[in-house]
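# Structural overview for review
The chain contents come next:
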Amino acid sequence: MSGAPGPAPLAFATRGLARAYGTTHALVGLDLAVPQGVVYGFLGPNGAGKTTTIRCLLGLIRPDAGTMELFGEPYTARDRHRLEQVGSLVESPAFYPYLSGRDNLRVIGSTGAAPARGRVEEVLELVGLRDRAGDRVGGYSMGMRQRLGIAAALLSDPRLLVLDEPANGLDPAGIVAMRETLRYLAAQGKTVFVSSHILPEVQQLADVVGIIDHGRLVRQGRLDEMLRETGHVRVRVLSADAGPAREALERLAGRDAVWEAAGQGDGDGWITVRVEPSRAGEVNRVLAQAGIYATGLDSGSDLESLFLSLTGNA
Ligand SMILES: Nc1ncnc2c1ncn2[C@@H]1O[C@H](COP(=O)(O)OP(=O)(O)OP(=O)(O)O)[C@@H](O)[C@H]1O
Ligand SMILES: [Mg+2]
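Let me begin by describing the structure that accompanies this report. (Residues numbered from 1 in each chain as written. Chains lettered and ligands numbered in written order. Predicted model: local features only at pLDDT ≥ 70, side-chain atom pairs only at ≥ 80, totals over all residues.)

Of the regular secondary structure elements, the protein holds 11 helices and 14 strands. Each of the three principal axes of the protein carries a C-alpha extent, and together these read 75 × 50 × 45 Å. Taking all 314 residues of the protein together, 37% fall into the buried category. Pairs at least 24 apart in sequence give 71% of the contacts found in the protein among residues at least 6 apart. (Helix = DSSP H or I, 4+ residues; strand = E, 2+ residues; numbered from the N terminus. Buried ≥ 20, exposed ≤ 12 C-beta atoms within 10 Å, placed from the backbone. Contact = placed C-beta atoms within 7 Å.)

Turning our attention to the site of ligand 1. Around ligand 1, the neighbouring residues are Tyr21, Thr24, Ala26, Gly44, Asn46, Gly47, Ala48, Gly49, Lys50, Thr51 and Thr52. Looking at the shell around ligand 1, the elements with two or more residues in it are strand E2 (24–35) and helix H1 (50–57). For the shell around ligand 1, the element with the most residues is H1, which contributes three residues. Classifying every residue of the shell around ligand 1 gives three nonpolar, seven polar and one charged. (Near = placed C-beta within 6 Å. Nonpolar A, V, L, I, M, F, W, Y, C, P; charged D, E, K, R; others polar.)

To continue, consider unusual backbone geometry. With the exception of glycine, the majority of residues adopt a negative phi angle, and the majority of peptide bonds are in the trans configuration. Backbone geometry at glutamate 165 places phi at a positive 50 degrees, although glycine is not the residue there. Structurally, the position occupied by glutamate 165 is in the loop between strand E7 (160–164) and helix H6 (172–187). Although it is not a glycine, histidine 214 adopts a positive phi angle of roughly 45 degrees. Within the element layout of this structure, histidine 214 appears in the loop between strand E9 (208–213) and strand E10 (216–222). For histidine 214, a count of 16 C-beta atoms within 10 Å corresponds to the partly exposed category.

For the pair helix H2 (residues 101–111) and helix H5 (residues 142–154), interaxial distance at closest approach is 10 Å and the crossing angle is 30 degrees. In terms of orientation, H2 lies roughly parallel with respect to H5. Considering only the axes of H2 and H5, their crossing is right-handed. Facing Gly101, Asn104, Leu105 and Ile108 of H2, the residues of H5 in contact are Leu148, Ala151 and Ala152. Residues of the contact of H2 with H5, tallied by class, amount to five nonpolar, two polar and no charged. (Axes fitted to C-alpha atoms, helices over the stretch in contact; angles between N-to-C directions. Parallel < 35°, antiparallel > 145°, perpendicular 65-115°, else oblique. Left-handed = near helix turned anticlockwise from the far one by under 90°.)

One turn of an α-helix holds 3.6 residues; hence residues three or four places apart share an orientation. Its 16 residues place the ends of H6 23 Å apart at the C-alpha level, agreeing with the 22 Å of an ideal helix rising 1.5 Å per residue. Buried residues belonging to H6 abut strand E3 (39–43), helix H4 (120–126), H5, E7, strand E8 (191–196) and helix H7 (199–205). Positive backbone phi, approximately 95 degrees, marks glycine 189, located one or two places after H6. (Expected span 1.5 Å × (residues − 1).)

A few words on the sheet that holds E3. Within a sheet, each strand pairs with its neighbour through backbone hydrogen bonds, oriented either parallel or antiparallel. Taken in spatial order, the six strands of this open sheet run E6-E7-E8-E3-E9-E10, and their pairing is mixed. The sheet is open, and its two edges are formed by strand E6 (86–89) and E10, each paired on a single side. Ignoring which end each strand starts from, the neighbouring axes of this sheet average 15 degrees apart. Pairing analysis gives four bridges linking E6 to E7, with the strands arranged parallel. Counted as the bridge partner of serine 88 is valine 162 from E7. (Pairing = 2+ DSSP bridges.)

Sheet topology places strand E1 (residues 10–21) next to E2; nine bridges connect them, and they run antiparallel. Its bridge partner being in E2, alanine 18 is matched across the sheet by valine 28. Linking E1 back to E2 in an antiparallel pair, the connection comprises two residues, with glycine 22 at a positive phi of about 60 degrees. Of the strand pairs in this sheet, E1 and strand E4 (residues 65–70) are connected by five bridges, and their pairing is antiparallel. Bridging from a neighbouring strand, threonine 14 pairs with methionine 68 of E4.

Right under this line is the structure:
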């Protein structure tokens, strides 16, 4: 009998993962923990090591050092048969251009496990490609190929779906549709590991986020917690009021949590306070008590500012 619930089971984890290409150290001791049943957004600037991590997971390259776990068990390049449980899309997938999208999936399905064959229509529907499934892939747009790649990754009904920059080439409607598909899969208990550059997109999609820079994890956690931390309220005040307003807000939130943007020359300036957006009313009250009336107020929180501050690209 098991007692209290242990830590959430992980779909994929790495410990000290390292990989160099010649003298380029792509990964230098990466510790990742991807919980099961979530959409995990894997973020990092160009060259941070995202694709390298995914290649190690998929057995396309061998790490130089460190360990990996797949569904809670040690996993090495020798255990490639366990990739049956993993569907993936890395770089542009290769298809037969003279076959239709549907026939390409049939070919891929015929080489895989038995359930894959019966799933062609279902995955075409999931990625919104049914109307064009009879057309030759040679005539597909980049976004349609990308959708077909995601369909192919889903064919074997994998427990873990690994997508490297899947939004590449998708139009806004395609991005919305993909987000719905990935959310739907996570709701069914699948794990979706997705790398991306598009921060607002990840902000709308992911449950958990890992930020990587120079081959090392710089932050990992639940997205809602990170956003709470990056929340801010901005107030606009007459420049004559800026000094006293700043002092009042520093008393509320602390010195380091308040900063001023230069005015636009119209006599007003914006002051930003790092507090949860739900505290906007409190910010306003503090100003009013100091006899200052804000001429503008807004609030929000965003992943972009956190990302830029953590990856040193601000
Ligand atoms: N085949 C290769 N040969 C040499 N260097 C490589 C190779 N693949 C990747 N690198 C280097 O390893 C580092 C990490 O690259 P990687 O492709 O993993 O980054 P990434 O996070 O996927 O970047 P991007 O956002 O641009 O896709 C980079 O410095 C890159 O130049
Ligand atoms: Mg990459």
